Amino acid sequence: MITSTKLSVVASILIIVSLIAYVYVEHAQVEETFAIQYGEDELRVLLGESDRFGLEKESWTDAGYLVINKPSNYAWYIKGVGQSLSGKILTIASTHDRTGQQLSAFSSDITSLDRPVGDLDFYSSVEMTFPKKGVWSLDVFVDDRSLGTIKVNARDHIKDRSRHYHDLRRELRYGK
(Lines give C-alpha, C1' and ligand atoms only; values in the text may rest on other atoms or scores of the structure.)
Protein backbone atom coordinates (compact mmCIF):
# COMPACT_ATOMS: atom_id res chain seq x y z
CA MET A 1 0.00 0.00 0.00
CA ILE A 2 1.30 3.42 -0.96
CA THR A 3 1.11 5.97 1.82
CA SER A 4 0.94 9.71 1.46
CA THR A 5 4.43 9.95 2.94
CA LYS A 6 5.83 7.69 0.22
CA LEU A 7 4.01 9.74 -2.42
CA SER A 8 5.47 12.92 -0.97
CA VAL A 9 8.97 11.47 -1.07
CA VAL A 10 8.52 10.29 -4.67
CA ALA A 11 7.05 13.66 -5.68
CA SER A 12 9.95 15.49 -4.00
CA ILE A 13 12.48 13.31 -5.80
CA LEU A 14 10.75 13.91 -9.15
CA ILE A 15 10.73 17.68 -8.52
CA ILE A 16 14.43 17.66 -7.67
CA VAL A 17 15.31 15.55 -10.74
CA SER A 18 13.18 17.83 -12.95
CA LEU A 19 14.83 20.91 -11.49
CA ILE A 20 18.31 19.50 -12.10
CA ALA A 21 17.37 18.53 -15.67
CA TYR A 22 15.88 22.00 -16.33
CA VAL A 23 18.91 23.80 -14.94
CA TYR A 24 21.26 21.55 -16.90
CA VAL A 25 19.44 22.00 -20.22
CA GLU A 26 18.81 25.74 -19.87
CA HIS A 27 22.22 26.60 -18.46
CA ALA A 28 24.47 24.00 -20.07
CA GLN A 29 27.81 25.16 -21.35
CA VAL A 30 27.43 24.52 -25.05
CA GLU A 31 30.46 26.61 -25.86
CA GLU A 32 33.62 24.88 -27.10
CA THR A 33 36.54 27.06 -26.05
CA PHE A 34 40.24 27.18 -26.74
CA ALA A 35 43.04 29.25 -25.23
CA ILE A 36 45.61 31.11 -27.28
CA GLN A 37 48.72 33.05 -26.38
CA TYR A 38 48.49 36.83 -26.55
CA GLY A 39 51.85 38.43 -26.06
CA GLU A 40 54.39 36.82 -23.76
CA ASP A 41 52.36 36.28 -20.62
CA GLU A 42 48.66 36.55 -21.42
CA LEU A 43 46.22 33.89 -22.53
CA ARG A 44 42.92 34.66 -24.21
CA VAL A 45 39.96 32.28 -24.06
CA LEU A 46 37.96 32.14 -27.28
CA LEU A 47 34.96 30.23 -28.52
CA GLY A 48 35.13 28.98 -32.09
CA GLU A 49 37.65 27.19 -34.29
CA SER A 50 41.27 27.83 -33.35
CA ASP A 51 42.47 27.84 -36.97
CA ARG A 52 39.66 30.04 -38.38
CA PHE A 53 37.92 32.39 -35.92
CA GLY A 54 37.10 32.95 -32.28
CA LEU A 55 34.72 34.95 -30.10
CA GLU A 56 36.60 36.25 -27.06
CA LYS A 57 34.88 35.20 -23.85
CA GLU A 58 36.36 38.14 -21.91
CA SER A 59 34.31 40.46 -24.13
CA TRP A 60 31.14 38.96 -22.67
CA THR A 61 29.25 40.71 -19.92
CA ASP A 62 30.59 41.01 -16.40
CA ALA A 63 28.29 38.12 -15.49
CA GLY A 64 30.54 35.76 -17.48
CA TYR A 65 27.80 34.67 -19.86
CA LEU A 66 25.60 36.20 -22.56
CA VAL A 67 22.76 38.14 -20.95
CA ILE A 68 19.46 38.44 -22.81
CA ASN A 69 18.19 41.87 -23.85
CA LYS A 70 21.54 43.50 -23.11
CA PRO A 71 23.30 44.96 -26.17
CA SER A 72 27.04 44.34 -25.89
CA ASN A 73 30.09 44.60 -28.12
CA TYR A 74 31.74 41.24 -28.66
CA ALA A 75 35.36 40.82 -29.78
CA TRP A 76 35.84 38.48 -32.75
CA TYR A 77 39.24 37.35 -34.04
CA ILE A 78 39.67 35.95 -37.56
CA LYS A 79 42.52 34.24 -39.41
CA GLY A 80 43.38 35.89 -42.72
CA VAL A 81 44.65 32.68 -44.39
CA GLY A 82 47.27 34.57 -46.37
CA GLN A 83 44.94 37.37 -47.47
CA SER A 84 44.05 40.75 -46.11
CA LEU A 85 40.61 40.96 -44.55
CA SER A 86 40.89 44.66 -43.68
CA GLY A 87 37.81 46.51 -44.88
CA LYS A 88 35.78 43.34 -45.36
CA ILE A 89 32.62 42.74 -43.33
CA LEU A 90 32.20 40.19 -40.55
CA THR A 91 28.57 39.06 -40.36
CA ILE A 92 26.98 36.95 -37.64
CA ALA A 93 23.62 35.29 -38.43
CA SER A 94 21.82 34.11 -35.26
CA THR A 95 19.16 31.42 -34.91
CA HIS A 96 17.53 30.28 -31.65
CA ASP A 97 17.93 26.49 -31.58
CA ARG A 98 14.60 25.66 -29.94
CA THR A 99 12.25 28.14 -31.60
CA GLY A 100 14.02 28.73 -34.93
CA GLN A 101 13.76 32.50 -34.38
CA GLN A 102 16.26 34.30 -36.61
CA LEU A 103 17.65 37.72 -35.80
CA SER A 104 18.71 40.37 -38.26
CA ALA A 105 22.36 39.75 -39.03
CA PHE A 106 24.93 41.51 -36.87
CA SER A 107 27.86 42.92 -38.82
CA SER A 108 30.95 45.09 -38.50
CA ASP A 109 34.12 46.03 -40.39
CA ILE A 110 37.23 43.90 -39.99
CA THR A 111 40.57 45.48 -39.10
CA SER A 112 44.14 44.19 -39.00
CA LEU A 113 45.70 43.54 -35.59
CA ASP A 114 49.02 45.12 -34.60
CA ARG A 115 49.86 41.89 -32.79
CA PRO A 116 48.22 38.55 -33.73
CA VAL A 117 46.22 36.65 -31.13
CA GLY A 118 47.66 33.19 -31.68
CA ASP A 119 47.22 32.53 -35.40
CA LEU A 120 44.29 34.95 -35.63
CA ASP A 121 45.43 38.22 -37.18
CA PHE A 122 42.25 40.24 -37.80
CA TYR A 123 39.68 41.72 -35.45
CA SER A 124 36.10 42.94 -35.43
CA SER A 125 33.92 44.27 -32.62
CA VAL A 126 30.29 43.31 -33.24
CA GLU A 127 27.37 44.62 -31.21
CA MET A 128 24.86 41.84 -30.59
CA THR A 129 21.68 41.45 -28.53
CA PHE A 130 19.92 38.19 -27.76
CA PRO A 131 16.19 38.67 -27.04
CA LYS A 132 15.44 35.18 -25.76
CA LYS A 133 17.22 32.84 -23.38
CA GLY A 134 18.50 29.51 -24.58
CA VAL A 135 20.99 28.18 -27.10
CA TRP A 136 21.71 30.29 -30.18
CA SER A 137 23.56 29.10 -33.28
CA LEU A 138 25.86 31.80 -34.63
CA ASP A 139 26.83 31.43 -38.30
CA VAL A 140 30.02 33.39 -38.98
CA PHE A 141 30.73 34.95 -42.39
CA VAL A 142 33.41 37.16 -43.94
CA ASP A 143 31.61 38.87 -46.78
CA ASP A 144 29.79 35.86 -48.30
CA ARG A 145 32.31 33.19 -47.22
CA SER A 146 31.22 30.99 -44.31
CA LEU A 147 33.79 30.44 -41.57
CA GLY A 148 31.67 28.09 -39.47
CA THR A 149 29.03 27.92 -36.76
CA ILE A 150 29.26 28.10 -32.98
CA LYS A 151 26.64 27.76 -30.27
CA VAL A 152 26.22 30.06 -27.29
CA ASN A 153 23.85 30.03 -24.36
CA ALA A 154 22.07 33.30 -23.52
CA ARG A 155 20.58 33.65 -20.03
CA ASP A 156 18.71 35.99 -17.75
CA HIS A 157 20.98 38.11 -15.60
CA ILE A 158 21.08 36.36 -12.24
CA LYS A 159 22.05 38.55 -9.30
CA ASP A 160 21.04 36.12 -6.56
CA ARG A 161 21.48 32.50 -7.63
CA SER A 162 19.81 31.04 -4.53
CA ARG A 163 16.70 33.15 -5.20
CA HIS A 164 16.78 32.07 -8.87
CA TYR A 165 16.80 28.36 -7.97
CA HIS A 166 14.07 28.93 -5.38
CA ASP A 167 11.94 30.53 -8.13
CA LEU A 168 12.63 27.58 -10.45
CA ARG A 169 11.60 25.12 -7.75
CA ARG A 170 8.37 27.09 -7.12
CA GLU A 171 7.69 27.22 -10.87
CA LEU A 172 8.06 23.45 -11.17
CA ARG A 173 5.87 22.83 -8.13
CA TYR A 174 3.04 25.27 -8.86
CA GLY A 175 3.38 25.91 -12.58
CA LYS A 176 4.11 29.64 -12.08
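What comes next concerns the included structure. The residue count restarts for each chain, going from 1 along the sequence in the order it is written. pLDDT decides what is reported in this predicted model: residues at 70 or higher carry local features, side-chain atom pairs at 80 or more are listed and counted, and totals for whole chains, interfaces and linings draw on all residues regardless. Note that the side-chain values use all heavy atoms of the structure and ignore hydrogens as well as water.

Pairing of aromatic side chains here covers Phe, Tyr and the six-membered ring of Trp, requires ring centres within 6.5 Å, and sorts the geometry by plane angle: under 30 degrees stacked, over 60 edge-to-face, intermediate tilted. Considering all chains together, one arrives at four aromatic pairs under this definition. Ring geometry for Tyr77 against Tyr123: centres 5.4 Å apart, planes inclined by 55°, an arrangement best described as tilted. Taken together, the positions of Tyr77 in strand β5 (residues 72-78) and Tyr123 in strand β9 (residues 120-128) put the pair 46 residues apart, joining distant regions of the chain. Whether a residue is buried, partly exposed or exposed follows from its accessible area with a 1.4 Å probe, protein chains only, as a fraction of its type maximum: under 20%, in between, or over 50%, in that order. What makes Tyr77 buried here is its relative accessible area of 5%. When the ring of Phe130 is compared with that of Trp136, the centres are 5.7 Å apart and the planes differ by 55°; the resulting orientation is tilted. As far as burial versus exposure is concerned, Phe130 and Trp136 are alike and both buried. Taken together, the aromatic side chains of Phe106, Phe130 and Trp136 make up a single cluster linked through ring pairs. By the criteria applied, helices consist of DSSP H or I runs no shorter than four residues and strands consist of E runs no shorter than two, each listed in order from the N terminus.

The next thing to look at is the nonpolar core. Nonpolar cores are built from buried Ala, Val, Leu, Ile, Met, Phe, Trp, Tyr and Cys residues. Side-chain atoms within 4.5 Å join them into one set. Of all hydrophobic cores here, the largest spans 26 residues; its most connected members are Trp76, Leu90, Ile92 and Phe130. Among the secondary structure elements, those contributing two or more residues to this core are β3 (53-56), β5, β6 (89-96), β9, β10 (134-142) and β11 (145-155). Those residues in contact with Ile92 that lie beyond four places of it in its chain are Trp76, Ala105, Phe106, Val126, Met128, Leu138, Asp139 and Val140. Listed in part, the eight residues of the second largest apolar core include Phe34, Ile36, Tyr38 and Val117. Any pair of residues with heavy atoms lying within 4.5 Å of one another is described as a contacting pair.

We define a salt bridge as a side-chain nitrogen of Lys or Arg found within 4 Å of a carboxyl oxygen belonging to Asp or Glu. Scanning all chains against the criterion turns up three salt bridges. Two residues, Asp143 and Lys88, come together in a salt bridge whose shortest N-O distance is 3.9 Å. Here Asp143 is found in the loop between β10 and β11, whereas its partner Lys88 is found in the loop between β5 and β6, with 55 residues between them in sequence. Residue class for Asp143 comes out partly exposed when judged on its relative accessible area of 37%. Measuring nitrogen to oxygen at the nearest pair gives 2.6 Å for the salt bridge that ties Lys151 to Asp97. With Lys151 in strand β11 and Asp97 in the loop between β6 and β7 (106-109), the pair connects residues that are 54 residues apart, well separated along the chain.

This part is about the environment of Tyr38. One can find Tyr38 in strand β1 (residues 33-38). When its relative accessible area of 17% is taken as the criterion, Tyr38 is described as buried. In the structure, Tyr38 is positioned 80 residues away from Gly118 in sequence and 6.3 Å away in space, judged by C-alpha atoms. Not counting residues within four places of it along the chain, the set of residues in contact with Tyr38 comprises Arg44, Arg115, Pro116 and Val117.

On to the sheet that holds strand β4 (residues 66-67). Pairing is mixed across the open sheet formed by five strands, whose spatial order is β4-β11-β10-β6-β7. Of all the strands in the sheet, just β4 and β7 have a single pairing partner and so form its edges. Only strands joined by at least two bridges in the DSSP assignment are considered to pair. As paired strands, β6 and β7 are joined by four bridges and run antiparallel to one another. Considered in β7, the bridge of Ile89 is made with Asp109.

Among all residues except glycine, the phi angle is most often negative; among peptide bonds, the trans geometry is most common. Positive phi is not limited to glycine here, since Asn69 has a value of about 55°. A relative accessible area of 51% places Asn69 in the exposed class. Residues other than glycine seldom take positive phi values, yet Asp143 does so here, at roughly 50°.

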